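Overview (structure and organization)
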Amino acid sequence: MPRVELLSVSVQTGAHALTAPVRLEFNGHVLPANTASGSTGVGETYSASFAPRSMAHSVRLMGPPEGRWAVTRCTVTIDTGIVPYTVEFEPFELGPKDAASLWAEPPEPVFDV
């Protein structure tokens, strides 16, 4: 479980738009975005960066307070201060009580011998 310096999240919305603010939970706490751009409207892309500077136990994208949010593409770049890595997730939908885990362990190091 590495210390996370920076998270960059990009979410493309499908047929069901998110009308509430995007909420990202880091270790059970809502984390405010350092920078954000775009929109969560139908077919739109929302991008944001977060700087938790803490050990990661969980990273979750929270569902809307009501209705559904269809996510057709979601990528997360995790910077642990060593080598940043990017994870792409399959399409998913979130409802009011749903959350999508965006955490992925760093890839194993590769050594030339």
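Cut-offs applied
- Residues numbered from 1 in each chain as written.
- Predicted model: local features only at pLDDT ≥ 70, side-chain atom pairs only at ≥ 80, totals over all residues.
- Heavy atoms only, no water.
- Helix = DSSP H or I, 4+ residues; strand = E, 2+ residues; numbered from the N terminus.
- Buried < 20%, exposed > 50% of the residue type's maximum accessible area, 1.4 Å probe, protein only.
- Contact = heavy atoms within 4.5 Å.
- 1 Å grid on protein atoms, 1.4 Å probe; cavity = no way out; pocket = protein on both sides within 12 Å on 5 of 7 lines; lining within 4 Å.
- Points joined across faces, edges and corners; volume = space filled by probe spheres on them.
- Nonpolar A, V, L, I, M, F, W, Y, C, P; charged D, E, K, R; others polar.

Examined against the element boundaries, Glu 90 turns out to sit in the loop between strand E10 (85–89) and strand E11 (92–94). Under the relative-accessibility criterion, Glu 90 is labelled exposed at 65%. Separated by 16 residues in sequence, Glu 90 and Cys 74 place their C-alpha atoms 7.3 Å apart.

On to the environment of Pro 106. In this structure, Pro 106 sits in the segment after strand E12 (99–101). When the C-alpha atoms of Pro 106 and Ala 51 are compared, they prove to be 17 Å apart, with 55 residues separating the residues in sequence. Beyond its immediate chain neighbours, meaning those up to four positions away, Pro 106 contacts Pro 2 and Tyr 85.

A few words now on the layout of surface pockets. Considering only enclosed or pocket space, the largest pocket measures out at about 170 Å³ in volume. Pro 2, Thr 80, Ile 82, Val 83, Pro 84, Tyr 85, Pro 106, Pro 107, Glu 108 and Pro 109 together form the lining of the largest pocket. Here the residues of the lining of the largest pocket sort into 8 nonpolar, 1 polar and 1 charged.

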